[in-house]
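Coordinates in review
Chain by chain, the residues run as shown.
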Amino acid sequence: MIKEARIVDVEKVAVIGSGNWGTVIARMLGTNVVQQKGFDHEIKMWVFEEMIGERKLTDLINEKHENIKYLPGIRIPDNIIAVSDILEAAKDATILVIVIPHQFVRDVCDKLKGKIHPKAKAITLVKGFDTTETGIRPISHVIKEALKIPVCSLSGANLANEIAEEKFSETTIGYKNRQEGELFKRLFETKYFKVGIVDDVLGVELCGALKNVVAIAAGIIDGLKLGDNTKAAVIRIGLLEMKKYIKMFYKGIKDETFFESCGIADVITTCYGGRNRKAAEAFIITGKSFEQLEKELLNGQKLQGTLTAKEIYSVLNRKGLEKEFPLFTTVYRIVFEGLDPHNIVEDIA
Ligand SMILES: NC(=O)c1ccc[n+]([C@@H]2O[C@H](COP(=O)([O-])OP(=O)(O)OC[C@H]3O[C@@H](n4cnc5c(N)ncnc54)[C@H](O)[C@@H]3O)[C@@H](O)[C@H]2O)c1
Ligand SMILES: O=P(O)(O)OC[C@H](O)CO
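Residues numbered from 1 in each chain as written. Chains lettered and ligands numbered in written order. Predicted model: local features only at pLDDT ≥ 70, side-chain atom pairs only at ≥ 80, totals over all residues. Heavy atoms only, no water.

Under the annotation held in an unreviewed UniProt entry, the chain carries the name Glycerol-3-phosphate dehydrogenase [NAD(+)] and is attributed to Rhizophagus clarus. Reading the Catalytic activity (unreviewed entry) entry of the UniProt record for the chain gives the comment "sn-glycerol 3-phosphate + NAD(+) = dihydroxyacetone phosphate + NADH + H(+)". In its Sequence similarities (unreviewed entry) section, the UniProt record describing the chain reads: "Belongs to the NAD-dependent glycerol-3-phosphate dehydrogenase family." (UniProt positions renumbered as here; feature names shortened; annotations may be inferred.)

**A closer look at the side chain of Asn-158**
Mapped onto the elements of the fold, Asn-158 is located in the loop between strand S10 (151-155) and helix H6 (160-164). Side chain to side chain, Asn-158 and Ser-169 meet in a polar contact 3.4 Å long. Each residue touching Asn-158, except ones within four places of it in the same chain, is listed here: Trp-21, Ile-163, Ser-169, Glu-170, Thr-171, Phe-193, Asp-266 and Thr-269. (Helix = DSSP H or I, 4+ residues; strand = E, 2+ residues; numbered from the N terminus. Polar contact = N/O pair within 3.5 Å; in protein donor to acceptor, adjacent residues only side chain to side chain. Contact = heavy atoms within 4.5 Å.)

**With respect to the nonpolar core**
General note: in soluble globular proteins, nonpolar side chains tend to be found buried as a group. Within the largest apolar cluster, 49 residues are counted, with the highest numbers of intra-cluster contacts made by Phe-129, Tyr-245 and Phe-328. Every element with two or more residues in this core is listed here: helix H8 (201-223), helix H9 (228-249), helix H10 (261-273), helix H11 (275-286), helix H12 (290-298), helix H13 (305-318), helix H14 (326-337) and helix H15 (343-348). Looking at this core, the element that brings in the most residues is H8, giving 12 residues. The contacts of Phe-328, once residues within four sequence positions are left out, are Leu-210, Val-213, Val-214, Gly-238, Glu-241, Met-242, Tyr-245, Ile-312 and Leu-316. Listed in part, the 41 residues of the second largest apolar core include Ile-74, Ile-95, Ile-123 and Phe-184. (Core = buried A, V, L, I, M, F, W, Y, C linked by side-chain atoms within 4.5 Å. Buried < 20%, exposed > 50% of the residue type's maximum accessible area, 1.4 Å probe, protein only.)

**What about the domain arrangement of the chain?**
Annotation of the chain at the domain level lists domain 1 (13-199) and domain 2 (211-348). Each of domain 1 and domain 2 has a C-alpha centre, and the two are 25 Å apart. Together domain 1 and domain 2 conceal approximately 2,000 Å² of surface at their shared face, both sides included; 57% is due to carbon and sulfur atoms. For Asp-266, the salt bridge identified is with Lys-127, shortest N-O distance 2.9 Å. Linking domain 1 with domain 2 are 10 residue pairs in polar contact (both at pLDDT 80 or more), by the criterion used here. Taken together, the elements giving at least two residues each to the side of domain 1 that touches domain 2 come down to strand S8 (129-132), strand S9 (135-138) and strand S11 (169-174). Class assignment for the residues of the side of domain 1 that touches domain 2 results in 9 nonpolar, 12 polar and 4 charged. (Domains from an automatic or database assignment. Buried area = accessible area lost by both parts, 1.4 Å probe. Salt bridge = Lys/Arg side-chain N within 4 Å of Asp/Glu carboxyl O. Nonpolar A, V, L, I, M, F, W, Y, C, P; charged D, E, K, R; others polar.)

**With respect to the site of ligand 2**
All residues in the neighbourhood of ligand 2 are listed as Lys-127, Gly-156, Ala-157, Asn-158, Leu-159, Lys-211, Asp-266, Thr-269, Thr-270, Gly-274, Arg-275 and Asn-276. Interatomic distance of 3.1 Å between a backbone N/O atom of Gly-156 and an oxygen atom of ligand 2. Asn-158 places a polar main-chain atom, nitrogen or oxygen, 3.0 Å from an oxygen atom of ligand 2. The fraction of the free accessible surface of ligand 2 (310 Å²) that becomes covered by protein chains is 91%. Taking a 2 Å distance to the grid points as the criterion, the majority of the atoms of ligand 2 fall inside the largest pocket. The set of elements that each furnish at least two residues to the shell around ligand 2 consists of H10 and H11. (Near = heavy atom within 4 Å. Areas by Shrake-Rupley, 256 points an atom, 1.4 Å probe, with all protein chains shown as cover. 1 Å grid on protein atoms, 1.4 Å probe; cavity = no way out; pocket = protein on both sides within 12 Å on 5 of 7 lines; lining within 4 Å. Sits in = over half its atoms within 2 Å of the grid points.)

**Some thoughts on the UniProt feature "binding site: substrate" (unreviewed entry) in the chain**
Under the present numbering, the feature "binding site: substrate" (unreviewed entry) in UniProt falls on Lys-127, Arg-275 and Asn-276. Maximum C-alpha separation among the annotated residues is 12.9 Å over a sequence range of 150 residues, consistent with a single clustered spot. Cross-referencing the annotated residues with the largest pocket identifies Lys-127, Arg-275 and Asn-276 as lining it. Its place among the elements puts Lys-127 in the loop between strand S7 (121-124) and S8. Ignoring anything within four residues of it in the chain, the contact list for Lys-127 reads His-102, Ser-155, Gly-156, Gly-208, Ala-209, Lys-211, Asn-212, Asp-266 and Gln-304. Within the local environment of Lys-127, its side chain forms a polar contact with the backbone oxygen of Gly-156, the two atoms lying 3.0 Å apart. Examined against the element boundaries, Arg-275 turns out to sit in helix H11.

**Looking at the site of ligand 1**
Near ligand 1 there are 24 residues, and of these Asn-20, Asn-158, Ala-160, Lys-302 and Gln-304 occur at the shortest range. A distance of 2.8 Å separates an oxygen atom of ligand 1 from a polar atom in the backbone of Asn-20. Within the backbone of Lys-302, an N or O atom sits 2.7 Å from an oxygen atom of ligand 1. Here ligand 1 has 840 Å² of accessible area as a free molecule, and 91% of this is covered by the chains. If you map ligand 1 onto the pockets, it falls in the largest pocket. Considering every element that reaches the shell around ligand 1, the biggest residue donor is helix H1 (residues 20-35), with 3 residues. No fewer than three residues from each of domain 1 (13-199) and domain 2 (211-348) sit in the shell around ligand 1.

Here it is, written out as structure tokens:
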């Protein structure tokens, strides 16, 4: 059991991930560590290496101070150093900011196992679950078990591109140890990114995972041109199913968490402006597969909602709970079993 906060005099941050959100986060933290006391000024950002034409993405980021693939047109501070070797990125870091698509977390943790700073602590910004042969696990549990360190969570109504343009938003940090929650608030908060902290690591992260299924439902509604009232119904019912699922399977979840940015606010923003919504709308309009649409619409960015819908459905199906979660079940059936999308209204009404 990890109890004491692992605060050190000077915290060194590593950002593990450099996609759309990962790059925006690195940009914000790069500015904050210079302005706040108690942080080393250099941040390493781990990049899953890829070639852009003849050049490595890592070299391009360090040369141009811009991630031209995942966040084009936005300057990243000079103190963000892109690194393709994950052990080099994490070496000496006392704070690991984990911000990668959920399907890659276990592999990344396996690589870091036994190779991190003894005082390291982590915060997960990942929205999704880990899948094993026996079921699904929260990402914070995967990190904690693999690395034996305390893990906080951050999730909220946070469309990365809007935050890159410094438009105001709120977010929520879930902590177990308040000192760590306060440390992370200091690290992440800016004038345009307001952080609320709650004593509920799992509630915060699981809202972020499940809202992606509701976003797929919202995209289906948009694709069918059913209008805003129907979408509002999907948002309301989706939030209730999120709450019911989380409270049914996890202990100690606080009701108030669902009214923080990570709850209601994220469901709303994701159902209007997110990638999952956009892909689901295109799925209805074009009839193309989600794999195809991910490639065509997202330029390397990853959808999280379809995988999560499948993972959640496998739990509901195993436990005979489909009827208690009509929205989650219908989303799965439309996406994976070819159910007529119009059933979405019939099934939740
Ligand atoms: N983009 C947003 O607006 C946003 C906002 C909040 C939370 N999130 C969440 O943050 C997490 C990360 O999303 P993102 O937007 O930064 O990423 P992204 O979807 O923009 O990019 C995908 C990333 O995955 C990397 N990748 C590809 N194959 C990989 C592999 N085998 N191993 C490791 N990495 C690999 C790519 O290099 C790229 O950096 C997700 O869980 C997402 O739901 C995203
Ligand atoms: O673009 P999406 O659908 O992955 O959603 C992005 C964020 O999670 C919204 O808060």
